[in-house]
Each structure stands twice: as C-alpha cells, then as structure tokens.
Amino acid sequence: MEPAGNEAAVEVSALAINVTVPEDLRWRDSRRGEEFELTSLNIRLLPDGHVAAKAYGRPVAGGRGGYTSFRIPDRPELAALVDAAATRAAVMWAAHRGLG
C-alpha cells in the first residue's frame, strides 16, 4: 500500500511498546551483584520488520536501581508474549484516531 499525501516524507526512527510481564512469567537475573525481578518488556520494531526486546525490572532488595536492560531468556512462553504484544500493538496502531 502506497503512503497517501505527505506520509512518504515522514521518517519514523523508532516504534516501541512497553509490556507488563504477567506474574507467572516473571524471572530474576543479576547485574553487578544485584538481583532484579524482571517485570516489563520494551519491544522495538526493527526496519526489517522483525522485533527486538529487552527486559527491565526492579531490584529484589528494594529501591529503584539503575535503568538496566536484560536479555530475555529463550523460553517459548516469553517468545509468545512478545509475539502477542507486537500483534496487539499493530492492531492498535492501525486503528488510531489521530490526536485527541
């Protein structure tokens, strides 16, 4: 489908969504001696149409901790969450109604 009007001149440099990880899919990982519980995903649409995702969370011991990204483990249920979230976001973007 060809862009209409001046849409062809618009350069989108990033398209990302944030997704909450359901409690039963959360996991823990460590960075610099601190353990984190991973509770959210940032999923980006890449120029080639694939997606990339990183996980974020809070230190288990409490506090804010740094904004540190973690690799998502190779688990089918997490891959399914990323896929479902990207598909849902596509539907939502396609149905946008412009500025409110």
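Numbers given for residues are sequential positions, taken from 1 along each chain in its written order. Since the coordinates come from a predicted model, pLDDT governs what is reported: local features require at least 70, and pairs of side-chain atoms require 80 or more to be given and counted, while whole-chain, interface and lining totals use all residues. With hydrogens and water set aside, each side-chain value is computed from the structure's full complement of heavy atoms.

## Brief notes about the overall build of the protein
The helix and strand labels rest on DSSP assignments: H or I over at least four residues marks a helix, E over at least two residues marks a strand, and numbering proceeds from the N terminus. Helices and strands together make up the secondary structure of the protein, namely one helix and four strands. Listed by position from the N terminus, the elements making up the protein come as β-β-β-β-α. The reference for a compact globule is 2.2 Å times residues^0.38; the radius of gyration itself is calculated from the C-alpha atoms. Relative to a compact globule of 100 residues, whose C-alpha radius of gyration would be 13 Å, the protein shows 17 Å and is clearly more extended. If one aligns the C-alpha atoms of the protein with their principal axes, the spans along those axes are about 55 × 30 × 25 Å. Partly exposed residues are those whose accessible area sits between 20% and 50% of the maximum for their type, while under 20% is buried and over 50% is exposed, using a 1.4 Å probe and protein chains only. Among the 100 residues that make up the protein, the fraction classed as buried is 22%. Contacts are assigned to residue pairs that have any heavy atoms within 4.5 Å of one another. Contacts in the protein between residues at least 24 apart in sequence constitute 41% of all its contacts with a sequence separation of at least 6. Working definition of accessibility: Shrake-Rupley area with a 1.4 Å probe, residue cover restricted to the visible protein chains. Roughly 7,700 Å² of accessible area belongs to the protein as shown, and the carbon and sulfur atoms make up 52% of that amount. Here the protein contributes 12 positive and 13 negative side-chain charges, whose respective centroids are spaced 7 Å apart. Think of it this way: Lys and Arg go in the positive column, Asp and Glu in the negative one, and His and the chain ends go nowhere. To locate a charge, take atom NZ for lysine, CZ for arginine, CG for aspartate or CD for glutamate.

## Looking at the packing of aromatic side chains
Two rings belonging to Phe, Tyr or Trp (six-membered ring only in the last case) form a pair when the distance between their centres is within 6.5 Å. Interplanar angles under 30 degrees mark stacking, angles over 60 mark edge-to-face geometry, and anything in between is tilted. By the definition in use, this model includes one aromatic pair. Here the aromatic rings of Phe36 and Phe70 are separated by 5.2 Å at their centres, their planes lie at 55°, and the arrangement is tilted. Here Phe36, found in strand 3 (residues 34–45), pairs with Phe70, found in the loop between strand 4 (51–59) and helix 1 (76–94); they are 34 residues apart in sequence, far enough to count as distant. The residues Phe36 and Phe70 share a single accessibility class, namely buried. Of note, Arg31 hangs over the ring of Phe70, and the distance from its end group to the ring centre comes to 4.4 Å. Only Lys NZ and Arg CZ are tested; either one counts as a charge over a ring when it is within 6 Å of the ring centre and within 35 degrees of the ring normal.

## Structural notes on a nonpolar patch on the surface
Any residue with relative accessible area above 30% and no salt bridge may belong to a patch, with like charges joined within 9 Å and the nonpolar Val, Leu, Ile, Met, Phe, Trp and Tyr side chains within 5 Å. The term salt bridge refers to a pairing of a side-chain nitrogen on Lys or Arg with a carboxyl oxygen on Asp or Glu at a separation within 4 Å. Taken together, Val10, Val12, Leu15, Leu45, Val51 and Trp93 make up a surface patch of nonpolar side chains, about 560 Å² in accessible area. By the element assignment, Leu15 lies in the segment before strand 1 (16–20). Given a relative accessible area of 30%, Leu15 falls into the partly exposed group.

## Digging into the nonpolar core
Residues enter a nonpolar core if they are buried and are Ala, Val, Leu, Ile, Met, Phe, Trp, Tyr or Cys, with the set joined through side-chain atoms within 4.5 Å. One finds Val19, Trp27, Leu41, Ile43, Ala55 and Ile72 to be the most contacted residues of the largest nonpolar core, which totals 17 residues. Looking at this core, the elements with two or more residues in it are strand 1, strand 3 and helix 1. In terms of residues, this core owes the most to one element, helix 1, which gives five residues. Beyond its immediate chain neighbours, meaning those up to four positions away, Ile43 contacts Leu15, Ala16, Ile17, Val19, Val51, Ala52, Ala53, Val82 and Ala85.

## Some remarks on the pairing of strand 3
Pairing between strands requires that DSSP locate at least two bridges from one strand to the other. Two strands pair when backbone bridges link them, and strand 1 and strand 3 are joined in this way by five bridges, in the antiparallel orientation. The residue of strand 3 that forms the bridge with Ala16 is Arg44. Taken together, the five bridges between strand 2 (residues 27–31) and strand 3 define a ladder with antiparallel strand orientation. Along strand 3, the bridge assignment pairs Arg28 with Glu37. Hairpin connection of strand 2 to strand 3: two residues between the antiparallel strands, including Arg32 at a positive phi of 50°. Taking the residues between adjacent antiparallel strands as the criterion, strand 3 and strand 4 are bridged by five residues, where Gly49 takes a positive phi near 95°.

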